[in-house]
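# Working through the structure, step by step
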Amino acid sequence: MNQAQAVLDFWFHEIDPALWWAKNGEFDRLIEQRFLALHTAAKRGELFTWRDSAAGRLAEIIVLDQFSRNIYRDQPEAFAQDPQALALAQTAIVAGAAAQLTPIQTSFLYLPLMHSESLLIHQQALALFTALGLPNSLAFELQHQQIIQRFGRYPHRNAILGRVSSAEELDFLQQAGSAF
């Protein structure tokens, strides 16, 4: 649990929360230097013992969901662990892990649902973020859900993932706030 706690301490106590949402190369390199070995172990499913506690489950999800986006920014690998993070989040939700976490920690437990390109998953996410009671988290979920309703995917991922964008998606990507 020491490594899992190190992830949580880093994410929730050591860094400025503004870095959670910023595109910052220095921060990305810091995560890579400190956590690449754990990320590799998580991708292999080797952190399964962390799932014995709500905190451990959350730490594994942060490694797969958030750290992937930092370590592999603007590369397809940034999203490669999304299905695994989603499955872990869904299992943690069913296990009642959210009841043992703070609201902000719970928002990160739910984040893989927000990152999903499935409208069905967004219906679940909307209910969870509504019940959580964090207005900013709910607003972001609604914004994400609207994009999925409109396009069935996140257009800002298209170039990174080698997907062809439609004319409507290209037009959308010219708007402020279209990419996360």
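The protein carries the name DUF924 domain-containing protein in an unreviewed UniProt entry, which gives Deefgea piscis as its organism.

## Brief notes about the nonpolar core
Ranked by size, the top nonpolar core spans 47 residues in total, and within it Val7, Trp11, Ile62, Phe67 and Leu109 carry the most contacts. Mapped onto this core, the elements with two or more residues apiece are helix H1 (2–14), helix H2 (25–43), helix H3 (54–71), helix H4 (82–94), helix H5 (103–115) and helix H6 (119–132). Residue contributions to this core peak at nine residues, all from H3. Built from parts of two domains, this core gets at least three residues from each of domain 1 (1–115) and domain 2 (118–179).

## Regarding the layout of surface pockets
Reported here for the largest pocket is a volume of approximately 800 Å³. Taken together, 30 residues line the largest pocket, and the ones lying closest to its centre are Trp20, Trp21, Arg69, His115 and Phe180. Of all the secondary-structure elements, those providing two or more residues to the lining of the largest pocket are H3, H5 and helix H7 (135–151). Considering every element that reaches the lining of the largest pocket, the biggest residue donor is H5, with six residues.

Rules used throughout
- What you see as residue numbers is a count from 1 along each chain, following the sequence as written.
- Totals for whole chains, interfaces and linings use every residue, but because this is a predicted model, local features are given only for residues with pLDDT of at least 70 and side-chain atom pairs only at 80 or more, for both listing and counting.
- Side-chain numbers here rest on the full set of heavy atoms in the structure, without hydrogens or water.
- What makes a nonpolar core is a set of buried Ala, Val, Leu, Ile, Met, Phe, Trp, Tyr and Cys residues whose side-chain atoms join them at distances within 4.5 Å.
- To sort residues, take the accessible area from a 1.4 Å probe on protein chains only and compare it with the maximum for the residue type: under 20% means buried, over 50% means exposed, and anything in between is partly exposed.
- The numbering of helices and of strands both runs from the N terminus, where a helix is a DSSP run of H or I of at least 4 residues and a strand a run of E of at least 2.
- Here the limits of each domain have been adopted from an automatic or database domain assignment.
- Cavities and pockets were defined on a 1 Å grid built over protein atoms only: a cavity is a set of grid points that admits a 1.4 Å probe from which the probe cannot escape, a pocket is an open set flanked by protein on both sides within 12 Å along at least five of seven lines, and lining residues are those with an atom within 4 Å of any such point.
- Grid points are joined across faces, edges and corners, and a volume is the space filled by probe spheres set on the points.

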